[in-house]
Amino acid sequence: MTTVNRIYLSPPHVGAEERRLLLEAFESNWIAPVGPHLDRFEQEFAERLGMPGAVAVSSGTAALHLALHIVGVARHDEVLTSTLTFAATANAITYLGARPVFLDSTAATWTMDPGLLEEELEACARRGRLPKAVMAVDLYGQCADYDKLLDACRKFEVPLIADASEALGATYRGEPAGRFGEMAAFSFNGNKIITSGGGGMLVSKRVEWMARARYLATQARDPAPHYQHSEIGFNYRMSNLLAAVGLGQLRSLDRLLAQRRGHNEYYRRHLGSLPGIDVMPEASYGRSNCWLTCITVDPNRFGATRETLRQHLEMSNIESRPVWKPMHLQPAFAGCRVRGGAVAARLFERGLCLPSGSSLTEKDRERVVDAIEMWREWGRPHPDGTVSRSVHSANPSIL
Ligand SMILES: Cc1ncc(COP(=O)(O)O)c(C=O)c1O
């Protein structure tokens, strides 16, 4: 049996510059959650987004937790968020003793439906109990529709926080993700468009909130020669060593973005016209960072379910992942209110994330496309688990 290399969904992609900066940080002995690399990472990140500052923290989840805390979310409050997201978005809400209320996505963007947000805010106002915040999610690198979401939030004077964990480098009406709402959080988890080996960043146009985030993230230590604390804080700062890796990655962001977009265009070109396969739409209001290219599989037209296709890819040693299972279908959030939910449920049932890492080679992505096309041709896996381009020439009709 021929063995082929495994193709991963979105592996880390680091190079010589990250290594150089990491060793530089190590040798400088700034092996702590302070140091020059951390300062530079924050500064260059803020500059890239055109923000007055940025606070590097230990994870995207920590950044979300801090943001919610700073806008005043507390026990028994409600926070409206997207049901179609990774659990960290909703988990952060629960850390404060608050309750998430889930909203469906639009089929056109996969992000929070602004019409449903307005409806839910109106219903909350009628009940005399507005949510403490709204948390929008920039899904798979596509910004939420901020003009509409912010209009609804302003009408009811509810602050909006952006979970931009997946969206570094994306734009909305020409402006970078992270510039919308009161605060925004990013993730540098190993699978993201840039990684620090784990970490996150919090940004806001309000400098006083940035100062407060830095204070809360360092155990809320008051200015005093001894250890003085007037409130409860967190140990959430990023290590200087990890910031060095993040800095190297940030400096490569344009190249990494171009590579992911190249994969997205390739998949669109080769899979977009296959019966039963649709590539996640790119909203006309912005430019996705193409963090993960996702497709939906219509079993009636494609001849297999998303799960069968995923298993088929797995047999070809290709990692793919179902689209996020919506939060309103998760046992952990049973009992939470949801408005809509059918769009997200259908995207989960049919959606599949394809290998999209910036280190994916042209051969790798050909293998992915071949494996999918092969399913259509044969309706079963290749006998030895491998694929070849000869499928194309033998069967031009499936291209
Ligand atoms: C939408 C979303 N929110 C939050 C997070 C949490 O980020 P982290 O893993 O850095 O805590 C992630 C990714 O992991 C994510 O995809």
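Fair warning: this is a prediction, and the values are worked out from it, not measured in the lab.

Parameters at a glance
- Residues numbered from 1 in each chain as written.
- Predicted model: local features only at pLDDT ≥ 70, side-chain atom pairs only at ≥ 80, totals over all residues.
- Heavy atoms only, no water.
- 1 Å grid on protein atoms, 1.4 Å probe; cavity = no way out; pocket = protein on both sides within 12 Å on 5 of 7 lines; lining within 4 Å.
- Points joined across faces, edges and corners; volume = space filled by probe spheres on them.
- Helix = DSSP H or I, 4+ residues; strand = E, 2+ residues; numbered from the N terminus.
- Nonpolar A, V, L, I, M, F, W, Y, C, P; charged D, E, K, R; others polar.
- Axes fitted to C-alpha atoms, helices over the stretch in contact; angles between N-to-C directions.
- Parallel < 35°, antiparallel > 145°, perpendicular 65-115°, else oblique.
- Contact = heavy atoms within 4.5 Å.
- Pairing = 2+ DSSP bridges.
- Buried < 20%, exposed > 50% of the residue type's maximum accessible area, 1.4 Å probe, protein only.
- Core = buried A, V, L, I, M, F, W, Y, C linked by side-chain atoms within 4.5 Å.
- Salt bridge = Lys/Arg side-chain N within 4 Å of Asp/Glu carboxyl O.
- Left-handed = near helix turned anticlockwise from the far one by under 90°.

**So, empty space enclosed by the protein**
Point 1. One pass over the full model with this rule turns up 3 cavities of 30 Å³ or more.
Point 2. As a volume, the largest cavity reaches approximately 90 Å³.
Point 3. Broken down by secondary-structure element, the contributors of at least two residues to the lining of the largest cavity are helix 9 (253–271) and strand 12 (293–297).
Point 4. Taken together, the residues of the lining of the largest cavity sort by class into 6 nonpolar, 4 polar and 2 charged.

**A short note on the packing of helix 5 (residues 114–127) against helix 6 (residues 146–156)**
Relative placement of two packed helices is described by the angle separating their axes and the distance separating the axes.
Point 1. The geometry of helix 5 relative to helix 6 is characterised by a closest axis approach of 9 Å and an angle of 10° between their N-to-C directions. In terms of axis orientation, helix 5 runs roughly parallel to helix 6. Contacts between helix 5 and helix 6 involve Pro114, Leu117, Glu118, Leu121, Glu122 and Ala125 on the former and, on the latter, Lys148, Leu149, Ala152, Cys153, Lys155 and Phe156.
Point 2. Per-class residue counts for the contact of helix 5 with helix 6 are 8 nonpolar, no polar and 4 charged.

**A closer look at the sheet that holds strand 6 (residues 171–172)**
Point 1. Taken together, the 3 strands give an open sheet; going across it, the order is 7-6-11, and neighbouring strands pair in antiparallel fashion. Where the open sheet ends on each side, the last strands, each with one partner, are strand 7 (175–176) and strand 11 (286–287).
Point 2. Relative to strand 7, strand 6 runs antiparallel, the two being bridged by 2 bridges. Looking across to strand 7, one finds that Tyr172 is bridged to Glu175.

**Notes on unusual backbone geometry**
Point 1. Non-glycine residue Asn29 carries a positive phi angle of around 70°.
Point 2. Its location among the elements puts Asn29 in the loop between helix 1 (16–28) and helix 2 (36–49).
Point 3. For Asn29, a relative accessible area of 60% corresponds to the exposed category.

**Points about the nonpolar core**
Point 1. Residues Phe45, Leu117, Tyr140, Tyr146 and Leu168 are the most contacted members of the largest nonpolar core, which totals 69 residues.
Point 2. It is helix 6 that contributes the most residues to this core, 6 residues altogether.
Point 3. Ignoring sequence-local partners within four residues, the contact set of Leu168 consists of Phe45, Leu49, Phe186, Phe188, Ile193, Ile194, Leu250, Leu253, Leu257 and Asn289.
Point 4. The next biggest cluster of nonpolar side chains, apart from the first, holds 31 residues, and it includes Leu64, Leu68, Ile93 and Met183.

**What to know about the pattern of salt bridges**
Two side chains bearing opposite charge may form a pair once their charged atoms approach each other closely.
Point 1. Evaluation of the coordinates by the stated rule reveals 31 salt bridges.
Point 2. In this structure, the salt-bridge partner of Glu42 is Arg237, at a minimum N-O distance of 2.6 Å. Taken together, the residues Glu42 in helix 2 and Arg237 in the loop between helix 7 (207–217) and helix 8 (240–251) connect sequence positions 195 residues apart. Both residues of the pair, Glu42 and Arg237, belong to the buried class.
Point 3. Residue Arg310 pairs with Glu307 through a salt bridge whose shortest N-O separation is 2.7 Å. With a gap of 3 residues between them, Arg310 and Glu307 both fall in helix 11 (residues 306–315), about one helical turn apart.
Point 4. For Glu307, a relative accessible area of 26% translates into the label partly exposed.
Point 5. Where salt bridges share partners, they join Glu78, Glu119, Glu120, Arg127, Arg129, Arg337 and Arg339 into one cluster.

**Thoughts on the side chain of Glu120**
Point 1. Position of Glu120 relative to the elements: it lies in helix 5.
Point 2. Of the residues examined, Glu120 reaches a relative accessible area of 3% and is grouped as buried.
Point 3. In this view, Glu120 contacts Leu80, Val101, Leu103, Arg127, Arg337 and Arg339; residues no more than four positions away in its chain are not counted.

**Examining the packing of helix 3 (residues 60–70) against helix 7**
Point 1. Viewed as axis vectors pointing N to C, helix 3 and helix 7 meet at an angle of 120°, and their least axial separation amounts to 10 Å. Considering their axes alone, helix 3 and helix 7 lie oblique with respect to each other. For the pair helix 3 and helix 7, the crossing hand works out as right-handed. When helix 3 is examined against helix 7, the residues Leu66, His69 and Ile70 are found in contact with a partner set consisting of Trp209, Arg212, Ala213, Leu216 and Ala217.
Point 2. A breakdown of the residues in the contact of helix 3 with helix 7 according to their chemical character gives 6 nonpolar, 1 polar and 1 charged.

**Considerations on the layout of surface pockets**
Point 1. The space that makes up the largest pocket amounts to roughly 410 Å³.
Point 2. Of all the secondary structure elements, the ones that give two or more residues to the lining of the largest pocket are helix 3, helix 4 (87–95) and strand 13 (321–322).
Point 3. The greatest single-element share of the lining of the largest pocket, amounting to 3 residues, is contributed by helix 3.
Point 4. Grouping the amino acids of the lining of the largest pocket by side-chain chemistry returns 13 nonpolar, 11 polar and 6 charged.
Point 5. In this structure, the second largest pocket encloses a volume near 210 Å³.
Point 6. Along its surface, the second largest pocket is lined by 13 residues, and Asp278, Thr296, Arg346, Leu347 and Arg350 are the ones closest to its centre.
Point 7. For the lining of the second largest pocket, the secondary structure elements donating two or more residues are strand 10 (277–279) and helix 12 (342–350).
Point 8. Of the residues forming the lining of the second largest pocket, the biggest block, 4 residues, is contributed by helix 12.
Point 9. Here the residues of the lining of the second largest pocket are counted per class, giving 7 nonpolar, 2 polar and 4 charged.

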